[in-house]
Structures are given as structure tokens and as C-alpha cells.
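For reference, the chains in residue letters:
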Amino acid sequence: MSNFMRLVFIIALCFISLFVNGQTFTDIQAGLTGVAGSAATWMDTDRDGDPDILVAGEFFKGSVSGVSTRHYTNQRNDRFTLSGKGLPDFHRGDFAIADIDLDGINDIALIGESLNGKRIAFVYKGMSDGSFRKTNVELMPVRDGGIDMADMDGDGDMDILLCGESDNGPVCKVYRNDRNFSFVAVETPVNGLRRGDCKWSDFNLDGLPDIFISGIYISGKLITQLYQNTGKSFKLHHSRFTGLKNSHISFGDADNDGDDDLLLTGETANGTACTHFFVNNRSGFAQQNISVVGVTDGFSDWGDMDLDGDLDILISGMSANGPVSRIYSNERNFNFRDIKANIIPLYNSSGQWGDYDLDGDLDVLIAGLSLQNDPVARVYNNGVIGKKKAKQKVESIDLVLSSVDPTRQEPVYYYVYSSSYSDLYRTGTKGYYFFVSPVKKFPKDYVLEEKFQRMLIESFPTWPKADQGNIVQNGFVTKAQAEKSRAGMIHSYQTKGFKLVEINW
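So, here's what we can say about the structure. Remember, it's a predicted structure, so these values are computed and weren't measured experimentally. (Residues numbered from 1 in each chain as written. Predicted model: local features only at pLDDT ≥ 70, side-chain atom pairs only at ≥ 80, totals over all residues. Heavy atoms only, no water.)

This part covers the overall build of the chain. Along its length, the chain carries four helices and 33 strands. Taking the intrachain contacts of the chain between residues at least 6 apart in sequence as the baseline, contacts between residues at least 24 apart amount to 52%. Total accessible area on the chain stands at roughly 22300 Å², and carbon and sulfur atoms take up 51% of it. (Helix = DSSP H or I, 4+ residues; strand = E, 2+ residues; numbered from the N terminus. Contact = heavy atoms within 4.5 Å. Areas by Shrake-Rupley, 256 points an atom, 1.4 Å probe, with all protein chains shown as cover.)

This part takes up helix 4 (residues 479–495). Helix length check: helix 4 (17 residues) gives 24 Å between terminal C-alpha atoms against 24 Å at 1.5 Å per residue, within 8%. Those residues of helix 4 not exposed but buried are Ala-482, Arg-486, Met-489, Ile-490 and Tyr-493. Relative to the axis of helix 4, the buried residues are bounded by an arc of 100 degrees and lie together on one face. The outward face of helix 4, more than 90 degrees from its buried face, is lined by the exposed residues Ala-480, Lys-484, His-491 and Thr-495. The positive-phi residue at the C-terminal boundary of helix 4 is Gly-497, with phi of around 90 degrees. (Expected span 1.5 Å × (residues − 1). Buried < 20%, exposed > 50% of the residue type's maximum accessible area, 1.4 Å probe, protein only. Arc of directions from axis to C-beta.)

Ala-109, Val-123, Leu-139, Ile-147, Met-149, Ile-160 and Leu-162 are the most contacted members of the largest nonpolar core, which totals 19 residues. For this core, the secondary-structure elements that each account for two or more residues are strand 6 (91–98), strand 7 (107–113), strand 8 (119–126), strand 10 (143–150), strand 11 (159–166) and strand 12 (169–177). Contacts of Ile-147, omitting those with residues within four sequence positions, involve Asp-94, Phe-95, Ala-96, Ala-109, Leu-110, Ile-111, Ile-160, Leu-161, Leu-162 and Cys-198. If you look at the next biggest cluster of nonpolar residues, it comprises 16 residues, including Ile-28, Trp-42, Leu-365 and Ala-377. (Core = buried A, V, L, I, M, F, W, Y, C linked by side-chain atoms within 4.5 Å.)

Attention shifts here to the packing of aromatic side chains. One pass over the structure, following the stated rule, counts 20 aromatic pairs. Considering the side-chain rings of Phe-251 and Phe-285, the 6.4 Å spacing of their centres and the 50 degrees angle between planes classify their relative orientation as tilted. One end of the pair, Phe-251, is in strand 18 (residues 245–252); the other, Phe-285, is in strand 21 (residues 285–287), and 34 residues separate them in sequence. An aromatic cluster of at least three residues, connected via ring pairs, comprises Phe-203, Phe-212, Phe-241, Phe-251, Phe-278 and Phe-285. (Phe/Tyr/Trp six-rings, centres within 6.5 Å; stacked < 30°, edge-to-face > 60°.)

Here we come to unusual backbone geometry. Working note: non-glycine residues mostly have negative phi, and peptide bonds are mostly trans. Positive phi outside glycine occurs at Arg-76, with the angle close to 65 degrees. Looking at the element boundaries, Arg-76 is found in the loop between strand 4 (64–74) and strand 5 (80–82). Note on Arg-76: relative accessible area 11%, which makes it buried. Positive phi is not limited to glycine here, since Phe-181 has a value of about 55 degrees. Position of Phe-181 relative to the elements: it lies in the loop between strand 12 and strand 13 (183–186).

Once that is clear, we can look at the side chain of Asp-50. Checked against the element boundaries, Asp-50 lands in the loop between strand 2 (36–43) and strand 3 (52–61). A polar contact is formed between the side chain of Asp-50 and the side chain of Arg-76, at a distance of 2.3 Å. (Polar contact = N/O pair within 3.5 Å; in protein donor to acceptor, adjacent residues only side chain to side chain.)

The next subject is the environment of Thr-81. Here Thr-81 shows up in strand 5. Setting aside residues up to four positions removed in sequence, Thr-81 forms contacts with His-71, Tyr-72, Thr-73 and Gln-75. Engagement of the side chain of Thr-81 in a polar contact is seen with the side chain of Gln-75, the distance being 3.1 Å.

Following the sequence through the fold, Ser-247 ends up in strand 18. For Ser-247, a relative accessible area of 7% gives the class buried. Those residues within four positions of Ser-247 in sequence are excluded, and the remaining contacts are Arg-195, Gly-196, Asp-197, Ser-214, Gly-215, Leu-264, Thr-265 and Gly-266.

This part is about a nonpolar patch on the surface. A contiguous nonpolar surface patch, about 220 Å² in accessible area, is contributed by Leu-307, Val-384 and Ile-385. Structurally, the position occupied by Ile-385 is in the loop between strand 28 (375–382) and helix 2 (388–401). (Patch = residues over 30% accessible without salt bridge, like charges linked within 9 Å, V, L, I, M, F, W, Y side chains within 5 Å. Salt bridge = Lys/Arg side-chain N within 4 Å of Asp/Glu carboxyl O.)

Below you can see the structure in the form of C-alpha cells.
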């Protein structure tokens, strides 16, 4: 081989290496306040079709520190602006989002600790203008735990599960939703815990969400337990799990068999950080070894980031070798590959997948402490699929530079959807149904959303709010973009066995 050909070959290898191992997720420099002891989530607070950001936790700036909850509105073109107050400042807590009062607008339940050390647990009603109003719902105030919502009794509204450290020790509480922001505490045998997590998941697909918990029990013992919902109460299930603390629970259908599998992170009694994966066989869970880094004091989330039809893993926390933040591609048959996403390593962290730019793939919101113990909160753009986004970013930069006061392209084409597990046609048998509207041009998406809900209730009296209790809306600038997104959504649900019900007008 000549020297020239050898040089060409080396250059080609470099380009191949850059393509295969290059940065796949890019920090968009969103300007979020970094926080520790964080809770970070996406929520379309202003109902304009794109996800906004809620981040809560403890911040540090030089010698100044404090506790803050920040609400950022998505302005498109990679820009987020700090919105008005309305939610309490807290850290060491968690958010849960659902439409509690069935008015088509998402509400928030939260737990944590305020700056003065007081434990809190509140429910806030989402308002049509994107703000929040505190309700009179009384929940057990806790910190260092979790909160989640699901329709535990099949009556069409969202009930609350919370756990954590109260003023009187570890607790785990279930509250039944009796409508009009009235909740009643339900007696259960579920063990109380702190420094852990709790989640609803209908593991056996009987239409009754079950309870999964992990953390430190009142005696100091580490527990991880599943409680089956019998319809009348909850009973401890026979599945065995390793007890963990500083734990996080994440459910997702990893093998595309229609039921939720489990990813559990945390720390054993001897201080070992671990990530355990359990396959759901609908009668219980069986542990399966996977090549995913073990972490504690962090989080994980399932999402199809590469649009290949299976769920991938976003994970962050403290590993045996320090803080990590990684994305694993699901290669099927319980094989997961680290894609070297180049996301900042964090611990004491939280985050979530979400499509903030509405381009059809999942981006990343993440917050926590860096290796240098600096509080961080960032948004990463997904560059795994194609080169299209690079072109879009150039156009966005041109737009920003061309005007002192850049205008935003408002979405005008919307579709909405929801799903349920119900006896929709009163045949005596429940099934999984997916409801979707056509694409329509509306000045505000909530007009379409409220019309959609009204038609569902009128057409199907047995229809309960499921799928997090949400009617989900998507907004786009062009009709072609909206139609493409709608087709992809329908395909995703149909491949999971949902029956399509089109709500036309």
C-alpha cells in the first residue's frame, strides 16, 4: 500500500470512528438553574403542544444556597424561559402529574422538604393559563420518598400513592380519589419506608394497578416488595427482591410482550451500588442479568430513543467508579449497549425522556450533582437519528440572529389521544383501547382536547381515564408533521396490542 493510500485509509477510519462513537446527545445550553436533591420532569403546562420543564431542588451559587422550584416554558428553537411562581420551593422530593379532576388539564401532586426543614405533601390544580393553584387536599407530609398516581379502583379517576419519611417515621400511604379534590386515606398492609421509592404498575394485567416499594423499613431493614391489588385490598406478593435503599423504580415493557418489566436501582446494606432488572411473567417477576451500570442515589427511565420499536434505558447516579449518566440501546433479547451519549455524569439526580422539540425522537432532561459537586440541570437534544437536526439548528440560529425579538412559530395543527383498559362495549370483558382524533387546525389545542373528552364520555360511558389519566395533545406547525406524528403514534400502540378507536367529528 502506498503512503498516499495508507493516509486515505487512516483518514477514513477516523471518520468512521467519529460517526460510530461521536457525540449523540448535545447540551442545548437551556440555561436552567442547577439543583441537587432534585425532582425534574416534563409537563405541557401551557397546553401549547410542547413539553415545558419543572425542576425542584437545592441550588448553590458561591457561598449562597437555597431551595427552589423552577418552571420553564418551552419557547421552541431550543429556548426555555423562566415562568411565574405557583408551586412551592422544595428539595428531597418528587412530582406526580395527572388530570386529577378530569377537566382535561393536568394537575400536580408533590412531596419533599422546604427550606426551613418542614416536610410537605400538596396537590396543585393546573389552570388553563398554565399556572397552578394549591388545593385543600391533605396528604401525609414526607421527604426522601416518592409519589405516584394511578386509577387503583377502576372508577375513572386517579388515586395517590406516596412513601417517605414523615415526622413520625417511615410511611407508605394510599389515598382514594373521591372527586372534586377530595381524597380519603385507605388502610393497607403496605410497609412504610424512607430513602426509597414507590410506584403503581398493573403487573398481572387484571386492570388493577399494584404497588411496588423499595427503601429503608422502620426497623432499619432494607426492603423491596410487591403488593398485589385484589380489588378490595392489597396483599404481599411472593416474588422475591433484594432490599435496597436510595432506590428508584422504573417500569417499562423491555421485551415487547405487553407487560411492564422492572428496572430497580439502589444500594445494598453493605453499600454496593446496583441495578437490577426483572422480567415480568404476569404471575410475578424473575431477575435477569443485563449489562447496565449499577447506580445508587439516582434514577432510570425507559423510552424508545432510536425509534426502533423497543424501549431503551436512560440511567444516572453514583456508581462504584463515581457519578455516571448513560444511555443504553435495547438490542433485544435483554442485551443493552452503552451508546456513549456524552451526558454529564451526575448523582443525587433525577430526569426523564421527552420530545421537547417535537421532531419525533426522545430528548433528555437531567438534574443533579456533578463529580465536582456542582448542581446541574440540562436538556440534551437527541442526535441519534439522521443529520436533520443539525440543519434545523442552523435555521434556528439564523432566526435568533435576524431579530432582536425573535418570534416563535406557533403550532396550529393538533391531534389528541388517550387509552384505557376497560369493558368499553359492555361485553363483560375488558380490553386495551387507544383513542385518537384526526388532525385539526385550531388556534388553541385545549379546544380540541376538551371536545375530544366530551365526545369520549358521551360515546363510551364505561370509558375510564387511564394511561396516566391523561388526554395527550401534540401540536405542529404544518399538517404534514402532525399527520406523520399521528401515524407513528397509532403504529406504536397497535404493535402493543391496543385496539384503535378513531374519534371523528
